[in-house]
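A look at the structure
Given next are the chains, with one letter for each unit.
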Amino acid sequence: MESYPHLPVTLSVNGSRYPLLIEPRRTLLDALRYDLEMTGTKKVCDVGDCGACTVIVDGRTMYSCLLLAVDCDDREITTVEGLARGNELDPVQEVFI
């Protein structure tokens, strides 16, 4: 099995910056869930059909299962965890409760 080099990437997620070493084929979804332990973004279909992995990247909604983490270097990413304002939930978060 071929090994790929890991590339330095800084993911800016919910207002915080996270320097990581990422395999070039790693999706943003997997980087969020497994490297940063942000599990609010869900892995369901893994092919961009269901929308459970939707995040906001530079102000646009995108499926994180279809984005490579290396392509998100220094872009502003907002996950469902980042929607709250202090202790007040965002209306999107409230509908899931």
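Refer to the preceding data block for the structure.
If you're wondering where the values come from, they're calculated on a predicted model, not measured in any experiment. (Residues numbered from 1 in each chain as written. Predicted model: local features only at pLDDT ≥ 70, side-chain atom pairs only at ≥ 80, totals over all residues. Heavy atoms only, no water.)

Some points on unusual backbone geometry
- Phi is positive for Asp-46, close to 65 degrees, though the residue is something other than glycine.
- In this structure, Asp-46 sits in the loop between α1 (28-35) and β3 (54-57).
- Look at Asp-58: it is not a glycine, yet its phi comes out positive at around 50 degrees.
- When you line up the elements, Asp-58 lands in the loop between β3 and β4 (60-63). (Helix = DSSP H or I, 4+ residues; strand = E, 2+ residues; numbered from the N terminus.)

Examining the sheet that holds β4
- Pairing within the open sheet is mixed, and its 5 strands lie in the order β2-β1-β5-β3-β4. Every interior strand has two partners, whereas the edge strands, β2 (16-22) and β4, have only one. Across the sheet, the axes of successive neighbouring strands diverge by a mean angle of 40 degrees, strand direction being ignored.
- Across 2 bridges, the pairing between β3 and strand β5 (residues 76-78) is antiparallel. The residue bridging Val-57 from the neighbouring strand is Ile-77, located in β5. (Pairing = 2+ DSSP bridges. Axes fitted to C-alpha atoms, helices over the stretch in contact; angles between N-to-C directions.)

A closer look at the pattern of salt bridges
- In this structure the tally under the stated criterion is 6 salt bridges.
- A salt bridge links Arg-26 to Asp-35; its shortest N-O distance comes to 2.8 Å.
- Where Asp-58 meets Arg-75, a salt bridge forms, and the shortest distance between an N and an O atom there is 3.0 Å. Remark: Arg-75 occurs in the loop between β4 and β5 and Asp-58 occurs in the loop between β3 and β4; sequence separation between them is 17 residues.
- Residue Arg-75 is classed as partly exposed on the basis of its relative accessible area of 24%. (Salt bridge = Lys/Arg side-chain N within 4 Å of Asp/Glu carboxyl O. Buried < 20%, exposed > 50% of the residue type's maximum accessible area, 1.4 Å probe, protein only.)

Overview of α1
- Among the 8 residues that make up α1, 6 are buried, leaving the element largely enclosed by the rest of the structure.
- Considered for burial, the residues of α1 that qualify are Leu-28, Leu-29, Asp-30, Ala-31, Leu-32 and Arg-33.
- Remark: Glu-37 follows α1 within two positions and exhibits a positive phi of approximately 55 degrees.

Looking at the pairing of β3
- The alternating pattern of β3 places Val-55 and Val-57 on a buried face and Thr-54 and Ile-56 on a face that is not buried.
- Note that β3 and β4 share 4 bridges and pair antiparallel. Pairing of Ile-56 across the sheet is with Thr-61, part of β4.
- Where β3 folds back on β4, the antiparallel hairpin that results is connected by 2 residues, among which Asp-58 adopts a positive phi of roughly 50 degrees.

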